[in-house]
Amino acid sequence: MSRPFHLAWFTSFKPPAWRSPWGGVSGEEWMTGEYYVSMVKQLERAGFDFIMFEDSSLVSEALGGTAEMDLKHGLHSPKLDPFPLLPVLARETEKIGLIATGSTSFYPPFILARVMATMDHLTGGRVGWNVVTSSQDIAAQNYGIDKLLEHDERYVQAQEFLDVVKALWDSWEPGAVVMDRETGHYADHTKVSPIHHEGTYFKVRGPLNMPAGPQGHPVICQAGGSPAGRDFAAQHANAIVATNPLLPRMKEYADDIRARAERLGRDPDEIRVLFHLSPVVGETEEEAWSVWRRTYGMEDPLQVEQTLAILAAVTSIDWKQFDLDEPFPQGLTTNGHQSVLDDLMARNVGKTLRESLTERAQMGPQTVGTVAQVADRMEQIVEDTGIDGFLIRAETGLSHTRRYIDSICFGLAPELQRRGLVRTDFPHATFRDNLLAF
Ligand SMILES: Cc1cc2nc3c(=O)[nH]c(=O)nc-3n(C[C@H](O)[C@H](O)[C@H](O)COP(=O)(O)O)c2cc1C
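These numbers were taken from a predicted model, which means no experiment stands behind them.

Caption draft 1: Structural view of the sheet that holds strand 9 (residues 219–222). Pairing within the closed barrel is parallel, and its eight strands lie in the order 1-2-3-4-9-10-11-14. Within the sheet, the average angular offset between the axes of one strand and its neighbour, ignoring direction, is 30°. Contacts from helix 15 (residues 402–418) reach strand 1 (6–12) and strand 14 (389–392) within the one sheet, and its direction differs from that of strand 1 by about 170°.

As structure tokens, then:
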């Protein structure tokens, strides 16, 4: 039998596909969190290890120098802060892991350490932090920073950030909380120590004013793609999330991460590498393809426009300056996600910009068919690449509907569970222990 693998879901705390015929009232209701509450309950039953909320804090003007496209398609905005959502989701579920994103360029490390530790307590050890360095100056300007540090230096800063938050989480030794009724001591001051950190970017006295949560350190999630980012991820992360439609590239990434972890003195078995996948399943193959065409076929001008805007936002390049039906431009540079841009250019040699949009929107190897066909394909991908699982996603504006979630949670996932490929229970108390159990 094939190796079991992990399922997770990647999303944002923003409007789902409200314009879809299956959007219902989700366009109005999402801000209350209810959409995500019902979704996360389904994911837990379907054996998902975690849900992950990406995040950013900007209204993007990357396309044509105005916010029009960003707001029209709800790309970066509106987007609510996922941190306060996690404990809400935790109250409605029992075991599933809950990850939110926080930026090392913007948070003061003390606040991040304290918020994460608080959430770890509130959720009984089920939270994770997606560590990002952020890539957009327009977001930095909301935090009093005119211009972000240069790409690789952002990871040097992130490294120091991680050193500080880990030291803060460790600033209460095990046994520091004594609750001795005889002497009246709640905590033992000899086991709670300042960290006195003075580095290049941060100065933090410590200790944290609370003990760390059940996990000690919350699960660390990361998505570094560049050499600096991969080293950072390999050194710190338990869950590494990535995007590539090409199986050899997926394999190269997973192998490289494990090799880097070893070089950095870390056990590669503490890391799970998950890749984006947007499966489209139908009761028949034809039905699945018809849904796929409507979702990713770029037949709808609004789809084209939206996907161009997404591309602009992640690369900080204004794609409107290029002809859609000319060859994909080459030799571009950005102070945004350079590795994403490099990947895009390499992958789209010989294609037009328009042709690249379908691939961009589905963000992963194409998986379309009946549940059995898609399950076969997922099994094969894991076999061929050695990745640890999939980060399921729907394009928020196009296909993120309750119907899509149903197709995965009541169709695809049960088939994977029947095959013994995906978990049917969570035997451990904490998110990390469940994630690393296989
Ligand atoms: C699955 C996935 C999720 C990501 N989530 C976020 C996010 O929430 N916020 C953000 O600013 N960047 C996010 N990124 C960007 C990464 O943090 C990272 O910057 C990017 O993959 C490029 O790698 P590099 O920083 O090493 O160049 C994400 C990337 C991927 C692949």
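Caption draft 2: Just the side chain of Thr315, in detail. In this structure, Thr315 sits in helix 11 (residues 301–315). Using a relative accessible area of 0% as the deciding quantity, one classes Thr315 as buried. Within the local environment of Thr315, its side chain forms a polar contact with the backbone oxygen of Leu311, the two atoms lying 2.6 Å apart. Excluding anything up to four places from it in sequence, Thr315 contacts Thr334, Leu341 and Leu344.

Caption draft 3: Structural view of the UniProt feature "binding site: FMN" (unreviewed entry) in the protein. Following the UniProt record, the feature "binding site: FMN" (unreviewed entry) maps to Asp55, Thr101, His151, Tyr155 and Ser226 here. By relative accessible area, which is 22% here, Asp55 ends up partly exposed. In this view, Asp55 contacts Lys79, Leu80, Asp81, Pro82 and Thr101; residues no more than four positions away in its chain are not counted. Ignoring any residue separated from it by four or fewer positions in sequence, one finds Ser226 in contact with His151, Tyr155 and Ser339.

Caption draft 4: Quick look at the environment of Tyr143. Its place among the elements puts Tyr143 in the loop between helix 6 (137–140) and helix 7 (151–169). Owing to a relative accessible area of 40%, Tyr143 belongs among the partly exposed residues under this scheme. Expressed as a C-alpha distance, the spacing of Tyr143 and Tyr107, which sit 36 residues apart in the sequence, is 9.0 Å. With sequence-adjacent residues up to four places away left out, Tyr143 is seen in contact with Ser57 and Phe106. Within the local environment of Tyr143, its side chain forms a polar contact with the side chain of Ser57, the two groups lying 2.8 Å apart.

Caption draft 5: Highlighting the side chain of Ser399. In this fold, Ser399 is placed in the loop between strand 14 and helix 15. Residue classification places Ser399 among the buried residues on the basis of a relative accessible area of 9%. Residue contacts for Ser399: discarding those within four places in its chain leaves Ala17, Thr295, Tyr296, Ala394 and Tyr404.

Caption draft 6: The pairing of strand 3 (residues 97–103), seen in detail. Most of strand 3 is tucked away, with seven of its seven residues classed as buried. The side-chain alternation of strand 3 yields two buried faces, one formed by Gly97, Ile99, Thr101 and Ser103 and the other by Leu98, Ala100 and Gly102. Both strand 2 (residues 50–54) and strand 3 contribute to a ladder of four bridges, which runs parallel. Paired with Met52 across the two strands is Ile99, which belongs to strand 3. Note that strand 3 and strand 4 (residues 127–132) share six bridges and pair parallel. Pairing of Leu98 across the sheet is with Val127, part of strand 4.

Rules of the game
- Residues numbered from 1 in each chain as written.
- Predicted model: local features only at pLDDT ≥ 70, side-chain atom pairs only at ≥ 80, totals over all residues.
- Heavy atoms only, no water.
- Pairing = 2+ DSSP bridges.
- Helix = DSSP H or I, 4+ residues; strand = E, 2+ residues; numbered from the N terminus.
- Axes fitted to C-alpha atoms, helices over the stretch in contact; angles between N-to-C directions.
- Contact = heavy atoms within 4.5 Å.
- Buried < 20%, exposed > 50% of the residue type's maximum accessible area, 1.4 Å probe, protein only.
- Polar contact = N/O pair within 3.5 Å; in protein donor to acceptor, adjacent residues only side chain to side chain.
- UniProt positions renumbered as here; feature names shortened; annotations may be inferred.

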